[in-house]
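Take a look at the letters that make up each chain.
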Amino acid sequence: MSDHTSHRRFDGTLVTAPFGGENVERTAREEYRTLLDEYDSEDVLVVTGAPTSTDTFRESLGSELRGAATPYVTSLVVHATDVLNQSDDRVILSDALRRELLYRFLADYEWETEYLRRASEQPSFIEDVDAVMGTISWQTVTPEETPELCDIAAALDAFHDWLAENGHMERGQLISEALDVLSGDARDGVVDFEAVLVVEFEEFFPLDRAYLDALVGDCELVCIAEENASVRRTWVETGPVTDYVSFSESRCGVSESPSTRPAATAAYFAEETTSADPGTGSVSVLATDSSDEHLAEVANEIEALVAQSDWSYDDIAVATKRSDSTVTDIIEAFEGTGIPTESTTVTGFGDDPAIRELLAAVRQLGADGGDEVPNHGPELDRQRLDRVHEMDNLGDAVRWWATDTGLKERIAERATPLDARAQFGNVRRAFRMAEFLEDTEFVDATWTSFEEMLERAHKYAPVQNQTSATNLDGGVRVDHLQAIKNESFRAVFLVNLVDSEYPGDPFLTRLFPNERVESMPDYPGVTELTGTDVDVTFPTTSTASSRPFARYHTEHARRRLAIGAGAADEHLYCCLYEYEDTALEERAQASRFLTDAYDRLPWVTEADDPLITSEQAAEDFLLSRVDDALAAVRRASSQDITVSLDEVEAELGEVQDLLDKSGARGEELREALRARVEFANGEVRR
């Protein structure tokens, strides 16, 4: 939803950095160094556009300081939270608690429009309307033309009023509420700096720009905007950010050619610019036959990397196009092969064994002796449950149950240190939910109520965290592309690089068909478009479509790839498959963006066949390879063709080496191999 009327003038300097993380960091360091010539480091506030990149810039700018000094770096959302914590008594709800209260609020809500009344009968309605509400809340836009959007905005206002009556606010209100504080007399009490350096300015929404204006006051201001790099803002606003702002001074930042092949590939995705081969790093196309082999191949390559002495799991990121079930699927697939993961996009709440155990107990307690008592494990003995029932405080009761059953000890015993830390965090989150019910007067503090809350938190665990940085535990980072912008990893895997995904079809909401959304001038996103809008937003041309809407979202998908590629320092893997994992095994076309890069960039090459480095890969390879080998030998005898037994022997030799080191598990796999061969020969054994 472009709004060129939101033009804002800043008394400060805008520095435009050419595309590329190296250029941005180099420009940021130079501007920070200049500010340090005049101010002490504690008097220079550095503001990032996203919470996930604060650590990156804190580390990068820290090289300009001597001794133990640390740069004063925060994000808009975190700063707004600090402002409200000093000036507002309302409780800021976590994403899980906010979702729970919205669910309860909308359960009996009377919608004005017939369309939403009908839609509200669908199981996914609250989840779908929540996504639209979230966008409206974060941008503080006010739909005025589409009746259904006006209906949703009215429901959101009513929800905010209901929260305020009970002393709460949601995180989507943070910036707008903190803006009110900064615009009033309380500003001086929360401002303790003399200069502001802004990075990622290209991602600032109109509301963000208003907040920055109020925050800066008469302090010195320097903003750095990266060219052709906006993915968050361009989802809701066309063109470069410079179309919406003016500064008293503007200049271009330092530009240098990309120093690595991943960086040069990112620049090609973003701007179609080609450069000389940097000669450093690698860009590999990792292809498999089918989509169900896709993640297994990625996992095997990750194990090969971390098998090197100077590599660790947190040197690696796996990036998806969007924050949906794909992220969860990857996390589950990796954890099934023993690869630890971390994510800012999802919590592990949905598949955490500690939460499942706690949920089983809460279901039992919620049943409260009714006829339909849920099945429960042997540890949930009656005497312990009766004692919990007698306690007056939900929070105290849940903590006592976890302690008395030895949940903490069992987590420590059965989980790796990284997994244990994540599980402890999830259990603490469940404790806070129980305490919230106990402390909140307008929600019943009963076991049944807690069961409903825990069930929903468990079901909807994979939700985007767009509010504040998650405490990461170490492990392979699995996130959507936008979440790793301006971060850096030694290796990045871009998965599902097929045309049905990149660009795929534009997707804004499940609440309305795309054709309807395209005609909504007040939808909180880019909808009504002209060819000029596309041209001023993207320098790339990846489709010949006559529809500006399709062209715009095609180029936006390409830019997301550029952001993901730019996060790779040494190795970039472009991962795809040839066939969809469906009954018809439809052929999957490689992404047009990848095909184009493969043709234009000589350093984009097919990955070598990786060695088999994990038990899971060995098992999958072993059981499939023996089938292939037997079939090949049969064809050789019947069709007069040649089979390389040396090649088969070498491949199975790799498996044998790994199984020799796998103890009892290796013996189990050898037994599976023997059974497979005998079955193929028509022998059946028990």
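Each value, and the rule that gives it
- Residues numbered from 1 in each chain as written.
- Predicted model: local features only at pLDDT ≥ 70, side-chain atom pairs only at ≥ 80, totals over all residues.
- Heavy atoms only, no water.
- Helix = DSSP H or I, 4+ residues; strand = E, 2+ residues; numbered from the N terminus.
- Buried < 20%, exposed > 50% of the residue type's maximum accessible area, 1.4 Å probe, protein only.
- Contact = heavy atoms within 4.5 Å.
- Phe/Tyr/Trp six-rings, centres within 6.5 Å; stacked < 30°, edge-to-face > 60°.
- Lys NZ or Arg CZ within 6 Å of the ring centre and 35° of its normal.
- Pairing = 2+ DSSP bridges.
- Axes fitted to C-alpha atoms, helices over the stretch in contact; angles between N-to-C directions.
- Salt bridge = Lys/Arg side-chain N within 4 Å of Asp/Glu carboxyl O.
- Arc of directions from axis to C-beta.

(A) Looking closely at the overall build of the protein chain. Scanning the protein chain from terminus to terminus reveals 26 helices and 15 strands. Looking at the protein chain as a whole, 50% of its 686 residues qualify as buried. By sequence separation, contacts in the protein chain at least 24 residues apart represent 76% of the contacts at least 6 residues apart.

(B) Structural detail: the environment of Gly-395. Relative to the assigned elements, Gly-395 resides in helix H16 (residues 394-404). For Gly-395 and Arg-432, which are 37 residues apart along the polypeptide, the C-alpha to C-alpha distance reads 7.4 Å. The residues touching Gly-395, leaving out its near neighbours within four places in the chain, are Ala-434 and Glu-435.

(C) Inspection of the packing of aromatic side chains at higher detail. Going through the model one piece at a time under the given rule, you end up with 14 aromatic pairs. On the basis of an interplanar angle of 35 degrees and a centroid distance of 6.3 Å, the ring pair of Phe-159 and Trp-162 is categorised as tilted. Taken together, the residues span about one helical turn, with Phe-159 and Trp-162 both in helix H7 (residues 147-165) at a distance of 3 residues. Following the ring pairs from residue to residue traces out a cluster consisting of Phe-105, Tyr-109, Trp-111, Phe-125, Phe-159 and Trp-162. The ring of Trp-235 carries the charged tip of Arg-560 above its face, separated from the ring centre by 5.2 Å.

(D) Expanded view of the sheet that holds strand S2 (residues 44-48). Strand order in the open sheet made by the 6 strands is S3-S2-S6-S7-S1-S8, with parallel pairing throughout. The two strands at the open ends of the sheet, each matched to only one other strand, are strand S3 (72-75) and strand S8 (245-252). Taken pair by pair, the neighbouring strands of this sheet meet at an average axis angle of 25 degrees, ignoring direction. The sheet strands contacting helix H2 (residues 54-62) are S2, S3 and strand S6 (195-198), and the helix crosses S3 at an angle near 165 degrees. Docked against the sheet, helix H3 (residues 76-87) engages S2 and S3, running at close to 95 degrees with respect to S3.

(E) Expanded view of the sheet that holds strand S14 (residues 568-579). Pairing is parallel in the open sheet, where 7 strands are placed in the order S11-S12-S10-S13-S14-S9-S15. This sheet does not close on itself; its edge strands, each paired only once, are strand S11 (341-342) and strand S15 (604-606). The pairing of S11 with strand S12 (residues 476-480) spans 2 bridges and is classified as parallel. Within S12, the position partnered with Thr-341 by the bridge is Val-476. Packing of helix H12 (residues 291-306) onto the sheet brings it into contact with strand S9 (282-290), strand S10 (316-320), S12, strand S13 (489-494) and S14, and relative to S9 it is tilted by some 140 degrees. Docked against the sheet, helix H22 (residues 548-565) engages S13 and S14, running at close to 150 degrees with respect to S13.

(F) Quick look at the pattern of salt bridges. Counted by the stated rule, this structure contains 34 salt bridges. Here Arg-209 ties to Glu-237 by a salt bridge, and the two come within 3.1 Å at their closest N and O atoms. Taken together, the residues Arg-209 in helix H10 (residues 206-216) and Glu-237 in the loop between strand S7 (220-226) and S8 connect sequence positions 28 residues apart. According to the relative accessible area criterion, Glu-237 is buried, its value standing at 2%.

(G) Summary view of H2. When H2 is considered as a whole, its buried residues turn out to be Thr-54, Thr-56, Phe-57, Ser-60 and Leu-61. With its buried residues spanning 155 degrees around the axis, H2 presents them on a single face. Along H2, exposed side chains directed more than 90 degrees from the buried face belong to Asp-55 and Glu-59. Its buried side turned inward, H2 meets helix H1 (21-36), S2, S3 and S6.

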